[in-house]
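Survey of secondary and tertiary structure
Listed below are the residues making up each chain.
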Amino acid sequence: MLLSKARGKAVVDLTTAETIGAVTGCTVAPSPAHIAGLRLKTRGRGHHMLHWEDVRSFGPDAVSVEEPDRVRDEKDLEAGDQAHAVHNPIGKAVLTETGLEKGTVMDVEFDEQSGRIAHLVTADEQIPGEDLVGVGSYAVVVTAPQ
Amino acid sequence: MTVYMRAGEIAKKPVVTLAGDDIGQVKDIVFDSSTGDIRCFTLAGRGLLSGPLHRALLWRNVHALGPHAVMVRDESALEEDDSAATPGEDERAGVNVLGVAVTTRSGTQLGRVTDAVVATGRKPAVAGYEVETAERERVLLPVAGPITVSGERILVSDATAQHSAGNLGGFGSAVEGLRHRPVHDPQED
Amino acid sequence: MEWWTWLIIALAIFAAVTVSIAALQARRRSGGVIAQGRRPRGGGGPES
């Protein structure tokens, strides 16, 4: 599934059947490349984060959560946390290990079951998930083509 | 094939870890005047209001020097201070070559240094200088090996003046031309 | 003078200080190409 298609999907609390919020984005961690967390827009102020491990299922119309208290305010996360917003790849420059810039990440294609990332999508190409080295405050680093 | 880059293109480049964080940007390029080898970079912070970082980055800790960024493994690649960029006990204070005059050993002034040309690769070195001549023309002069430099001028061999290039594309052949010049002047080394 | 003239003056001073600090720091961030090496041995060096 493409992240752009997952945006706006409702996040549902399985214990109360209430909507907690809507998916706005994701954070990504390497080796192997996977979705580390989902960014949510809740009714309250600011953005909230949900760790991927706390997602019960990622359905075609809604994302379900069993423990809604696992949804954390983005400001409460430490920078080292893989769900921290600095690990959001969207809009960041792609930089190879050798220091060459090649486009900007526009979208992420991932598996809804495992959270594994198939591709990072830029304007010109699809970069395989296994090439991902890291996502930080400045860039998305990928291995250099041989 | 050696790729040549202007030092001015390296300065201000972000220093990025493999985790994707920018931890600084290149300020000075420090090289050894006897070999031309680049020893280290000094760094500055990234923000609009940030100044020098006072942490040096030794060449051996650079993962890759690319056209858009200097890559390092992680933040531990940086030295704790910038003592690596300060001269050793038997050395004199470093001289910034930008702006100094280039003079041949026989006394012809070729111009003033506006930039340095760096040969990139496994062992990067300063391979020459971009010089603005008295006629306001910019030429690239290949200067390999040891240089004699003071705060006022760089002394280069007389042969250097005959081997210049107008751009980085022609610089490689200018270096080759200087290296394989037919008659070796015994005064020069 | 009106109260807002003072506000404008204060804002202008603040803006000027910010711009000058940013300019100063930009100059401190810009570096050079530094030649380092041994002191020339013996007399006759061009620096002596």
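Residues numbered from 1 in each chain as written. Chains lettered and ligands numbered in written order. Predicted model: local features only at pLDDT ≥ 70, side-chain atom pairs only at ≥ 80, totals over all residues. Heavy atoms only, no water.

1. Focus on the pairing of strand 6 (residues 62-65) of chain B
All names here are of chain B. Pairing between strand 6 and strand 7 (residues 70-72): three bridges, direction antiparallel. Residue pairing across strands places V62 opposite V72, the latter belonging to strand 7. Between the end of strand 6 and the start of strand 7, which pair antiparallel, lie four residues. (Pairing = 2+ DSSP bridges. Helix = DSSP H or I, 4+ residues; strand = E, 2+ residues; numbered from the N terminus.)

2. What to know about the pattern of salt bridges
Counting across every chain of the model gives 12 salt bridges over all chains. Two residues, E125 of chain A and K102 of chain A, come together in a salt bridge whose shortest N-O distance is 3.5 Å. In this pair, E125 of chain A is assigned in the loop between strand 10 (117-122) and strand 11 (126-128) and K102 of chain A in strand 9 (residues 101-110), connecting sequence segments 23 residues apart. Residue K123 of chain B pairs with D37 of chain B through a salt bridge whose shortest N-O separation is 3.4 Å. Within this pair, whereas K123 of chain B is found in the loop between strand 10 (109-119) and strand 11 (125-132), its partner D37 of chain B is found in the loop between strand 3 (22-32) and strand 4 (38-44), the two being separated by 86 residues in sequence. Overall, the relative accessible area of 22% leaves D37 of chain B in the partly exposed class. (Salt bridge = Lys/Arg side-chain N within 4 Å of Asp/Glu carboxyl O. Buried < 20%, exposed > 50% of the residue type's maximum accessible area, 1.4 Å probe, protein only.)

3. Topic: helix 2 (residues 168-179) of chain B
Residue and element names in this part refer to chain B. For helix 2, spanning 12 residues, the distance from its first C-alpha to its last is 17 Å, which sits close to the expected 16 Å at 1.5 Å a residue. Check the buried side of helix 2 and you find it contacts strand 1 (4-6), strand 10, strand 11 and strand 12 (138-142). The N-cap of helix 2, judged by a side-chain oxygen 3.1 Å from the amide nitrogen of G169 a few residues on, is N167. (Expected span 1.5 Å × (residues − 1). Contact = heavy atoms within 4.5 Å. Polar contact = N/O pair within 3.5 Å; in protein donor to acceptor, adjacent residues only side chain to side chain.)

4. Quick look at the sheet that holds strand 9 of chain A
Across a sheet, paired strands are connected by hydrogen bonds in the backbone, their directions being either parallel or antiparallel. Residue and element names in this part refer to chain A. Across the sheet, six strands lie side by side as 11-10-9-8-13-12; this open sheet has mixed pairing. On the outer flanks of this sheet lie strand 11 and strand 12 (132-135), each paired with one strand and no other. Within this sheet the neighbouring strands show an average axis-to-axis angle of 40°, counted without direction. The pairing of strand 8 (residues 93-96) with strand 9 spans two bridges and is classified as antiparallel. (Axes fitted to C-alpha atoms, helices over the stretch in contact; angles between N-to-C directions.)

5. Things to note about the UniProt feature "domain: PRC-barrel" (unreviewed entry) in chain A
When the UniProt feature table is mapped to this numbering, "domain: PRC-barrel" (unreviewed entry) covers residues 84-128 of chain A. Helix makes up 0% of residues 84-128 of chain A and strand 51%, with an end-to-end C-alpha separation of 23 Å. (UniProt positions renumbered as here; feature names shortened; annotations may be inferred.)

6. Section: unusual backbone geometry
Cis rather than trans, the peptide bond between S31 of chain A and P32 of chain A has omega equal to -15°. The topology assignment puts P32 of chain A in the loop between strand 2 (19-29) and strand 3 (34-42). Even without being a glycine, H54 of chain B presents a positive backbone phi close to 60°. Assignment of secondary structure puts H54 of chain B in strand 5 (residues 52-58).

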